[in-house]
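Chain by chain, the residues:
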Amino acid sequence: MAVNVSARQLDTDQLIGDIESALAESGLDPGALTIEITETTLMRNADETARRLNTIKELGVRIAIDDFGTGYSSLAHLQKFPVDALKIDRSFISGLTNKGEGEALIHTLVQLGKALSIETLAEGIEQTQELSLLRDERCDSGQGFLFARPLDVAATEAFLESCATDIAPALVRAPKPA
């Protein structure tokens, strides 16, 4: 589960208590929770943000930089934050069907993630050609209208059930490890 965190939330230690309470009340495994913070928000007060994110990371919660590539951070700052994932902004993805600079940028962002052992996730995938190019670059995962439009609770449950039904036969047929 991914939850967006605002700049105002990140500016206070109350965020840590809120996350601890939410995990305790829900029973959610901390590793199943990812908080998403925009690149610009990270840079508002880098030292305090790094301290808070390290505390959140100690809880077992994953941290993702949302809209990566559109903010003002430097690569040096990436090492300061305990980041698990870079969410590549959709503005880079929408240009993928036009060869050239868009592909070079995606290649660079995905390779940066791999070099730093950070998961890469592409946002805004809408066309099969975009997905194909991202697969060729070995982007770790993606999201977008190609997979599903925003869903309400009932539609989400039906969607997940359908996915489980589609995946279950493949898991049964999968060879067992030796």
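Further up the page is the structure itself.
Note that the structure is a prediction, hence the values are computed from the model and not measured. (Residues numbered from 1 in each chain as written. Predicted model: local features only at pLDDT ≥ 70, side-chain atom pairs only at ≥ 80, totals over all residues. Heavy atoms only, no water.)

With respect to the overall build of the protein chain
What the protein chain contains, in helices and strands, is 9 helices and 6 strands. The 178 residues of the protein chain split such that 34% are buried. The long-range share in the protein chain, meaning contacts at least 24 apart out of those at least 6 apart in sequence, stands at 61%. In the form shown here, the protein chain has an accessible surface area of approximately 10600 Å², with 54% of it arising from carbon and sulfur atoms. (Helix = DSSP H or I, 4+ residues; strand = E, 2+ residues; numbered from the N terminus. Buried < 20%, exposed > 50% of the residue type's maximum accessible area, 1.4 Å probe, protein only. Contact = heavy atoms within 4.5 Å. Areas by Shrake-Rupley, 256 points an atom, 1.4 Å probe, with all protein chains shown as cover.)

Here we look at the pairing of strand E3 (residues 62-68)
Across the 7 residues that make up E3, a large majority, 5, are buried. Across 5 bridges, the pairing between strand E2 (residues 34-38) and E3 is parallel. When the sheet's bridge partners are listed, Glu36 is paired in E3 with Ala64. Relative to strand E4 (residues 85-88), E3 is paired through 3 bridges, and the arrangement is parallel. The partner of Ile65 across the bridge, within E4, is Leu86. (Pairing = 2+ DSSP bridges.)

Let's talk about helix H7 (residues 101-115)
For H7, built from 15 residues, the straight-helix expectation of 21 Å at 1.5 Å per residue is met to within 8% by its first-to-last C-alpha distance of 21 Å. If you check which residues of H7 are buried, you get Gly102, Glu103, Ile106, Leu109, Val110, Leu112 and Gly113. Once H7 finishes, Ser117 follows within two positions and takes phi at roughly 55 degrees, a positive value. (Expected span 1.5 Å × (residues − 1).)

A closer look at the sheet that holds E3
What the 6 strands build is an open sheet, ordered E1-E2-E3-E4-E5-E6; its pairing is parallel. Since the sheet does not close on itself, it has two edges, and those belong to strand E1 (2-4) and strand E6 (141-142), each with one partner. Across the face of the sheet, H7 comes into contact with E3, E4 and strand E5 (119-122) while running at roughly 170 degrees to E4. (Axes fitted to C-alpha atoms, helices over the stretch in contact; angles between N-to-C directions.)

Focus on the pairing of E2
Counting buried residues along E2, 4 of its 5 residues qualify, which places the element largely inside the surrounding structure. For E1 and E2, the ladder comprises 3 bridges, and the chain directions are parallel. Counterpart to Val3 in the pairing with E2 is Ile35.

Considering the nonpolar core
Ranked by size, the top nonpolar core spans 35 residues in total, and within it Ile19, Ile35, Ile37, Leu53 and Ile56 carry the most contacts. With sequence-adjacent residues up to four places away left out, Ile35 is seen in contact with Val3, Val5, Ile19, Leu53, Ile56, Val61, Arg62, Ile63 and Ala64. (Core = buried A, V, L, I, M, F, W, Y, C linked by side-chain atoms within 4.5 Å.)

Thoughts on the packing of aromatic side chains
If you walk through the whole model with that rule in mind, you get 0 aromatic pairs. A cation sits over an aromatic face here: Arg149 above Phe145, 3.9 Å from the ring centre. (Phe/Tyr/Trp six-rings, centres within 6.5 Å; stacked < 30°, edge-to-face > 60°. Lys NZ or Arg CZ within 6 Å of the ring centre and 35° of its normal.)

Concerning the pattern of salt bridges
Enumeration over the complete set of coordinates arrives at 12 salt bridges. Where Asp11 meets Arg44, a salt bridge forms, and the shortest distance between an N and an O atom there is 2.3 Å. Taken as a pair, Asp11 in the loop between helix H1 (7-10) and helix H2 (14-26) and Arg44 in the loop between helix H3 (39-42) and helix H4 (46-58) lie far apart in primary sequence, 33 residues in all. Taking relative accessible area as the criterion, Asp11 reaches 35% and is therefore assigned partly exposed. You can call Arg44 exposed: its relative accessible area is 52%. (Salt bridge = Lys/Arg side-chain N within 4 Å of Asp/Glu carboxyl O.)

A short note on the packing of H2 against H4
Close contact between H2 and H4 brings their axes to 10 Å; oriented N to C, the two are set at 15 degrees. In this view, H2 runs roughly parallel relative to H4, as classed from their interaxial angle. Between H2 and H4 lies a crossing whose hand is right-handed. Contacts from Leu15, Ile16 and Ile19 of H2 reach H4 at Arg52, Thr55 and Ile56. Among the residues making up the contact of H2 with H4, the classes are represented as 4 nonpolar, 1 polar and 1 charged. (Parallel < 35°, antiparallel > 145°, perpendicular 65-115°, else oblique. Left-handed = near helix turned anticlockwise from the far one by under 90°. Nonpolar A, V, L, I, M, F, W, Y, C, P; charged D, E, K, R; others polar.)

Honestly, that's just the spatial picture; any functional story needs more than this.
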